[in-house]
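Here is what each chain is made of, one letter per residue.
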Amino acid sequence: FFSSLLLHTHTHCTISHPTFKSYTMEEISQANIEDAAELKFGAEFEDIDILSNAQVAVILQVSARSAVNRDEELHEVYRKTQKYVERYNTMTNKEKNNQELVKELDNLQDVLTTLRKETDVGDELELHGFEVAALMNLVATDTAVEEAVTLIPSLSRFPETVVDEILDLIRTTMIRIVS
């Protein structure tokens, strides 16, 4: 009915389906090279900016206001997305206009994206766009280094002092935004 799994040995198996091509486990593992913990993403994620929930929230707010001004109805998926990012957006301030928020968020993203740190052995490390957005989504005033590394495993390549420095930078910006 669905795909059937045929085991030939412990190391070799084939997944087949009556209508589709059969694949070996080796072919499947090579095809599934995406792994956020290892900062491996598919080709569709190359050369793009990854946005934080706060950035998406501002974009959706502006877009929603524009749609209302044009008497357009927002799609259900749009409303659900907006509700989600607003729920998890820790960097917001109703008293600041969107331009101020966008400037603060963009500046933070630029600083984090261009941040370079040298390891004890002389390697230069930088944050991946995924890590920048994930950190901007994660950080609250009490986020600890261990929590950040647990939730974003790729950060483990940085010394704890560097991760703490990054968290402090995000906290400082967050406090500036919300106050």
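Overview of the structure.

Let's shift gears to helix 3 (residues 76-88). The end-to-end C-alpha distance of helix 3 is 19 Å, a good match for the 18 Å that 13 residues give at a rise of 1.5 Å each. Turning to helix 3, the residues buried within the fold contact helix 2 (53-69).

A cluster of acidic residues, Glu-34, Glu-44, Glu-46 and Asp-47, forms a negative patch at the surface. Secondary-structure assignment places Glu-34 in the loop between helix 1 (25-31) and helix 2. With a relative accessible area of 46%, Glu-34 lands in the partly exposed category.

Below, the discussion takes up the packing of helix 2 against helix 3. Orientation of helix 2 relative to helix 3, taken along the N-to-C sense of each, is 135 degrees, at an axis distance of 9 Å. Our classification of the angle between helix 2 and helix 3 gives oblique. When you trace helix 2 past helix 3, the crossing you get is left-handed. Mapping the contact onto sequence places Asn-53, Val-56, Ala-57, Leu-60, Gln-61, Ser-63 and Ala-64 in helix 2 and Tyr-78, Thr-81, Gln-82, Tyr-84, Val-85, Glu-86 and Tyr-88 in helix 3.

This paragraph deals with the pattern of salt bridges. Taken as a whole and judged by the stated rule, the model has seven salt bridges. Its salt-bridge partner being Glu-104, residue Arg-176 comes within 3.1 Å of it at the nearest N-O pair. Of the two residues, Arg-176 sits in helix 7 (residues 160-178) while Glu-104 sits in helix 4 (residues 98-114), which places them 72 residues apart along the sequence. Its salt-bridge partner being Arg-171, residue Asp-168 comes within 2.4 Å of it at the nearest N-O pair. Taken as a pair, Asp-168 and Arg-171 lie in helix 7 at a separation of three residues, close to a single helical turn. For Arg-171, a relative accessible area of 14% puts it in the buried group.

A relative accessible area of 18% places Glu-104 in the buried class. Of note is the side chain of Glu-104, whose polar atom sits 3.1 Å from the side chain of Arg-176. Filtering out sequence-adjacent residues up to four positions away, Glu-104 remains in contact with Thr-173, Arg-176 and Ile-177.

About the thresholds
Residues numbered from 1 in each chain as written. Predicted model: local features only at pLDDT ≥ 70, side-chain atom pairs only at ≥ 80, totals over all residues. Heavy atoms only, no water. Helix = DSSP H or I, 4+ residues; strand = E, 2+ residues; numbered from the N terminus. Expected span 1.5 Å × (residues − 1). Contact = heavy atoms within 4.5 Å. Patch = residues over 30% accessible without salt bridge, like charges linked within 9 Å, V, L, I, M, F, W, Y side chains within 5 Å. Areas by Shrake-Rupley, 256 points an atom, 1.4 Å probe, with all protein chains shown as cover. Salt bridge = Lys/Arg side-chain N within 4 Å of Asp/Glu carboxyl O. Lys, Arg positive; Asp, Glu negative; His and termini not counted. Charge placed at Lys NZ, Arg CZ, Asp CG, Glu CD. Buried < 20%, exposed > 50% of the residue type's maximum accessible area, 1.4 Å probe, protein only. Axes fitted to C-alpha atoms, helices over the stretch in contact; angles between N-to-C directions. Parallel < 35°, antiparallel > 145°, perpendicular 65-115°, else oblique. Left-handed = near helix turned anticlockwise from the far one by under 90°. Polar contact = N/O pair within 3.5 Å; in protein donor to acceptor, adjacent residues only side chain to side chain.

Interpretation in functional terms is not warranted from these geometric data alone.
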